[in-house]
Amino acid sequence: MGRFLPCPLHCHSEKHEEFDHDQSQTSSSSHSSLTSQQSLPSVPSLTPHSQSLEHSTSSSAAADSYGCLATFSGHSSYVFSLALAGKHLYSGASNGEIRVWDRNPASSYNDTVSESYGAVKSILGLGDKLFTAHSDHRIRVWKIDNTSMKYPKHKLITTMPTVNDRCMRLFSAKNYVEVRRHKKCTFVHHMDTVSSLALSNDAALLYSVSWDRSLKVWRTSNFKCSESVHNAHDDAINDVVVSVDGFVYTGSADKLIKVWRKGEGEKKLSLVSTMEKHRSAVNALALSGDGDVLYSGACDRSIIVWKKDGGAAHMEVAGALRGHKKSILCLAVVADLLCSGSADKTVRIWRGGNGNSYSCLAVFEGHKSPVKCLTAALDNNNNNKNENDLRNSYLVYSGGLDFDIKVWQIFVPF
């Protein structure tokens, strides 16, 4: 059983334990290194100089208050993925365990969904279904049964590619791609870790990327693979996000971000743009709600902010957010806030201001190891309780290589 541990309101720890990098890299991606590299001197900083150098939040835009509400302890290995679905939080670990928690930090409820299969690299909720991506090259689909008044029940309903999908592709030569020298396989198979999942705006399509360098498209109605972009990058693909207007962004260990879209009347995705600025592996991507701003995090310790300029597919570098001391491992957007997790064991909360300026509203300290995954949401239980309180409350969930999930609360002025 997992454990619920309350935290003091302000959770700035002064003592840090060194994490064994060799140990971390054997169980996490060699393509999304925890070892930081030189920052990007050619990209202008969007944050005040003092915030780039220290844990300073002495800005007029800084959050009123923030802190750690709880620590969810239950995993016995690295927490690789997090997702909110309805009233619950789902977490996936490096040993293949999937757990479900009440998203309310005051609740002690948690349960095990599965303890089998490979490391859980990505989790995504869609209605009464849960999609999980694994290091055994598979995507699994779980049925969430919420008919019980108390706790949800879960059942594995299929594994992608499905048996039917695999069999249908066997007998036509056009369905085969060369995955390595002298070895071919049908295009529906990922041949390495499935690293990330994303949904189209209408939820009709599921996108998956893998360390095998491919981008695949699946129909959520029947779980069939409708398309595969073989060798979409020159190295492992670490993340994928999809905008509301249908652009698909992939970030890779080849240091590139590529933009894909299915043109009008076209049946297949085509490459519409390649974004080059990072000097190291791109580990994480996140999009603003309107799709006009893309954030990318890499081993160079910088978060690059890209903004649409002119053509719908074209994005220009607006600048970089600096402050983390080691590699950026994960990003999440909620409302107008950007959350970033790093190998420096901290979570930072950023907010855009006038023009291209950004402020770091808060630095969450408390994890004993690198922060590998994030998710966040508006805190509906605390908002609108006091008409005179001109602040919004948000809950941020962070998963670390210390096996823990921490729940943070931050109050942000309107």
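Residues numbered from 1 in each chain as written. Predicted model: local features only at pLDDT ≥ 70, side-chain atom pairs only at ≥ 80, totals over all residues. Heavy atoms only, no water.

Tell me about the overall build of the protein chain, and please be specific about residues and values.
When helices and strands are tallied, the protein chain shows three helices and 31 strands. At a minimum sequence separation of 6, the contacts of the protein chain that also span at least 24 residues come to 52%. Only carbon and sulfur atoms are counted for the fraction: they give 47% of the accessible area of the protein chain, which is about 17700 Å². (Helix = DSSP H or I, 4+ residues; strand = E, 2+ residues; numbered from the N terminus. Contact = heavy atoms within 4.5 Å. Areas by Shrake-Rupley, 256 points an atom, 1.4 Å probe, with all protein chains shown as cover.)

Break down the sheet that holds strand β9 (residues 139–145) for me, with residues and values.
On the basis of which strands lie adjacent, the open sheet formed by four strands has the order β7-β8-β9-β10 and antiparallel pairing. Whereas interior strands pair on both sides, the edge strands pair on one side only; in this sheet they are β7 (120–126) and β10 (153–160). The average undirected angle you get between the axes of adjacent strands in this sheet is 25 degrees. Direction of pairing for β7 relative to strand β8 (residues 129–134): antiparallel, over a ladder of six bridges. Bridging across to β8, Leu124 finds its partner in Phe131. (Pairing = 2+ DSSP bridges. Axes fitted to C-alpha atoms, helices over the stretch in contact; angles between N-to-C directions.)

Report on the nonpolar core, specifying residues and quantitative values.
Core analysis: the largest hydrophobic core is formed by 20 residues, its most contacted members being Leu337, Cys339, Ile349, Phe364, Leu374, Val396 and Ile410. When contributions to this core are tallied by element, the ones reaching two or more residues are β2 (65–73), β25 (328–334), β26 (337–342), β27 (346–352), β28 (358–365), β29 (371–378), β30 (391–400) and β31 (404–413). Once residues within four sequence positions are removed from consideration, Leu337 is found in contact with Ala332, Ile349, Trp350, Arg351, Leu361, Tyr394 and Val412. (Core = buried A, V, L, I, M, F, W, Y, C linked by side-chain atoms within 4.5 Å. Buried < 20%, exposed > 50% of the residue type's maximum accessible area, 1.4 Å probe, protein only.)

Outline the environment of Phe247, supporting the account with residue identities and numerical values.
Mapped onto the elements of the fold, Phe247 is located in the loop between β17 (237–242) and β18 (248–252). Once the C-alpha coordinates of Phe247 and Val272 are considered, the two residues, 25 residues apart in sequence, prove to be 9.1 Å apart.

Kindly report on the pairing of β17, identifying the contributing residues and their values.
Working note: regular strand, side chains alternate between the two faces of the sheet. Most of β17 sits out of view: six of its six residues are buried. The sheet contact formed by β17 and β18 spans five bridges and is antiparallel. Across the sheet, Ile237 pairs through a bridge with Ser252, a residue of β18. The turn joining β17 and β18, which pair antiparallel and follow one another in sequence, is formed by five residues; a positive phi near 95 degrees is taken by Gly246.

Account for the sheet that holds strand β23 (residues 303–308), with residues named and values stated.
Strand order in this open sheet of four strands is β21-β22-β23-β24, and the pairing throughout is antiparallel. Strands at the two margins of the open sheet, each flanked by one partner only, are β21 (282–287) and β24 (315–321). Ignoring which end each strand starts from, the neighbouring axes of this sheet average 25 degrees apart. Across six bridges, the pairing between β23 and β24 is antiparallel. If you follow Val305 over to β24, its bridge partner there is Gly319.

So, the side chain of Lys258: which residues are in play, and what are the values?
Relative to the helices and strands, Lys258 is located in strand β19 (residues 256–261). Despite being buried, Lys258 has no salt bridge partner; Asp254 is the closest side chain of opposite charge, sitting 5.2 Å away. Polar contacts involving the side chain of Lys258 include one to the main-chain carbonyl oxygen of Ala232, which spans 2.9 Å. (Lys, Arg positive; Asp, Glu negative; His and termini not counted. Salt bridge = Lys/Arg side-chain N within 4 Å of Asp/Glu carboxyl O. Polar contact = N/O pair within 3.5 Å; in protein donor to acceptor, adjacent residues only side chain to side chain.)

An account of the side chain of Arg322 is requested, with residue identities and associated values reported.
Locating Arg322 in the fold gives a position in the loop between β24 and β25. Within the buried core, Arg322 has no salt-bridge partner, and the shortest N-O distance to an opposite charge, that of Asp300, equals 7.8 Å. Of the polar contacts made by the side chain of Arg322, one reaches the backbone oxygen of Leu40; its length is 2.3 Å.

I'd like a rundown of the confidence of the model for the protein chain, residues and numbers included.
Chain-level statistics for the protein chain give a pLDDT mean of 85 and a share of 80% at 70 or above. In the model, residues 8–30 has pLDDT below 50 throughout and makes 46 contacts with residues more than four positions away in sequence or in other chains. (pLDDT = per-residue confidence, 0-100.)

How would you summarise the pattern of salt bridges if you had to cite specific residues and measurements?
Should their charged atoms come close, side chains of opposite charge can pair. This model, assessed by the stated rule, comprises six salt bridges. Salt-bridge contacts for Asp128 lead to Lys129; the nearest nitrogen and oxygen are separated by 3.4 Å. You can call Asp128 partly exposed: its relative accessible area is 29%. The salt bridge involving Asp128 is made with Lys143; its shortest N-O contact spans 2.3 Å.

Kindly report on the environment of Asn110, identifying the contributing residues and their values.
Turning to its location among the elements, Asn110 is positioned in strand β6 (residues 110–114). With ten residues separating them along the chain, Asn110 and Val100 place their C-alpha atoms 5.4 Å apart. Looking at Asn110, its side chain comes within polar contact range of the main-chain oxygen of Ser108, at 3.4 Å.

Now, about the packing of aromatic side chains: what can you tell me, with residues and values included?
Here the structure, examined in full by the defined rule, presents nine aromatic pairs. On the basis of an interplanar angle of 45 degrees and a centroid distance of 5.8 Å, the ring pair of Tyr66 and Phe364 is categorised as tilted. Here Phe364 lies in strand β28 and Tyr66 lies in strand β2, a separation of 298 residues in the sequence. Comparing Tyr66 with Phe364 shows no difference in burial state: the two are buried. Considering the side-chain rings of Phe364 and Trp408, the 4.7 Å spacing of their centres and the 10 degrees angle between planes classify their relative orientation as stacked. Taken together, the residues Phe364 in strand β28 and Trp408 in strand β31 connect sequence positions 44 residues apart. Residue Phe364 is classed as buried on the basis of its relative accessible area, which comes to 2%. Judged by relative accessible area, Trp408 falls into the buried class, the value being 1%. (Phe/Tyr/Trp six-rings, centres within 6.5 Å; stacked < 30°, edge-to-face > 60°.)

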